[in-house]
Amino acid sequence: MRNRLVPLVLIGVMALGVLAADPAPLPPVERFDYVISTQTIGASYQFTSEPRLVETAKAIREMGATAIKFSLFKRDMKPEEHPERYKTLTELAAKEPSFRQVFDMPFGHFLIWAYSLSEDRNRPPSDARDGEIYDLACHLLKTYDRSGKTFYIGHWEGDWELRGKEHSKFPTPEAIEAKIRWLNRRQKAIDDARRDTPHRDVDVFCYVEANRVFDAIKGKPSIANDLLPACNPDFVSYSAWDAMESNIPTDKLGEHLTEALNYLDSKLPAKPAITGKRVFVGEYGFPRRKYAPEVQVARSREVMKAAIRWGCRFCLYWELYNNEVDDQGQRGFWLIDDKNVKQPVYFLHREFLAKGREYVADFHVKNKRFPSDVEFRAAAISWLNAIPATQK
């Protein structure tokens, strides 16, 4: 059973906002893993003059989340926001104002897409570890030592990366071997950073993302079948679109998702240093173009319940603001639409997180301890079922 909290003298709920340059340790209620959150990658609109990443990160905090996922990548920023003097991931994290501001915000869990800026990830390098990932991990461990924060360094959908531009074609043995080397270098970089950097009450992990799990179940070459046994990452993110197809009835979504999670879990060798389940839902969602608001809520609720029951550390909705626009306009992968209207599925998230915070704080007052993983998940299912489909 994974203990979600490291006890601290400082207990309570920190006001929403941005921490100072030298952040105080996060109170337990703020570092607690409530499982449910969202992400901000490539948002296609905004409503303030702040950098888009900062605006969206603040909105995710305002929703009540303690976890955020974003991309540490110059290409995901507006041109005026990424001076070319930033040549490495560590420089981006340490010196670029919007990234630095978000890292200093009182989130307990940061999930980060990170690709080394100084190398072509499609060409296998010769050295044993990724130097940029190593330096980034060391920076995070040093900068946020004793903060109570946890960082997860990963990447976008690995099965599509394996297949290259032709997603309909399965990967070649050469592509699989190159990807194994690439992923092993990243895992080694993070392992070495944890070994080499004195740290306390902060951690950094490596995650791999799979996105074609039902192809893997059919025996096809894939992240699940070929990469996980060879690389044994700290965690696996499941970009769960192939478990969310529109032809799957709402009441079967949980069963479908659980099948995929079980399969990914079965491919991971043991890693005794990490307790609890090591597979989580890194992406799922229901675009407004296909689904009415009440259907978005109903289907999201089933996914959340399945992820919580199974033991996922995170279940992340794609996403806060829509990132996909085509000839017909916004596709509607959003919790808040392009008119700044919070959708019913946003309120499902906000109410869940509010109830989670209240439960954790009350539990501590009554029991002089914080809830175990099992206790939290049992309670979370009960109130998730009770949250109304329509709120304001």
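See the structure printed just above.
Anyway, here's the lowdown on the structure attached to this text.

The rules behind the values
- Residues numbered from 1 in each chain as written.
- Predicted model: local features only at pLDDT ≥ 70, side-chain atom pairs only at ≥ 80, totals over all residues.
- Heavy atoms only, no water.
- Salt bridge = Lys/Arg side-chain N within 4 Å of Asp/Glu carboxyl O.
- Buried < 20%, exposed > 50% of the residue type's maximum accessible area, 1.4 Å probe, protein only.
- Helix = DSSP H or I, 4+ residues; strand = E, 2+ residues; numbered from the N terminus.
- Expected span 1.5 Å × (residues − 1).
- Polar contact = N/O pair within 3.5 Å; in protein donor to acceptor, adjacent residues only side chain to side chain.
- Pairing = 2+ DSSP bridges.
- Axes fitted to C-alpha atoms, helices over the stretch in contact; angles between N-to-C directions.
- Contact = heavy atoms within 4.5 Å.

### Describing the pattern of salt bridges
Opposite charge on two side chains lets them pair, provided their charged atoms get close. Taken as a whole and judged by the stated rule, the model has 28 salt bridges. Arg 146 is the partner of Asp 145 in a salt bridge, and the nearest nitrogen-oxygen pair spans 3.7 Å. Looking at Arg 146, the relative accessible area reads 48%, which means it is partly exposed. Residues joined in a network through salt bridges with shared partners are Arg 129, Lys 188, Asp 192, Arg 195 and Asp 196.

### Details of helix 5 (residues 131-143)
In this model helix 5 runs 18 Å from its N-terminal to its C-terminal C-alpha over 13 residues, within 8% of the 18 Å that 1.5 Å per residue would give. Glu 132, Ile 133, Tyr 134, Leu 136, Ala 137, Cys 138, His 139, Leu 140 and Leu 141 are the residues of helix 5 that are buried. For helix 5, the capping residue at the N-terminal end is Asp 130, with a side-chain oxygen 3.0 Å from the backbone nitrogen of Glu 132.

### Structural notes on the environment of Tyr 207
Mapped onto the secondary structure, Tyr 207 falls in strand 5 (residues 203-210). Accessibility expressed as a relative area gives 1% for Tyr 207, which makes it buried. Considered as a pair, Tyr 207 and Ile 112 are 95 residues apart in the sequence and their alpha carbons are 9.4 Å apart.

### Side note on the sheet that holds strand 7 (residues 279-284)
With parallel pairing, eight strands are arranged side by side around a closed barrel as 1-2-3-4-5-6-7-8. Taken over all neighbouring pairs, the strand axes of this sheet differ in orientation by 30° on average, direction set aside. When strand 5 meets strand 6 (residues 235-239), the two strands line up parallel, connected through four bridges. Looking at strand 6, one finds that Ala 210 is bridged to Tyr 238.

### Observations concerning the side chain of Thr 40
You can see Thr 40 is positioned in strand 1 (residues 36-40). We classify Thr 40 as buried; its relative accessible area is 6%. Side chain to side chain, Thr 40 and Thr 56 meet in a polar contact 2.8 Å long. For Thr 40, the contacting residues outside a window of four places in its chain are Leu 53, Thr 56, Ile 60, Ile 68, Lys 69, Phe 70, Ser 71 and Glu 319.

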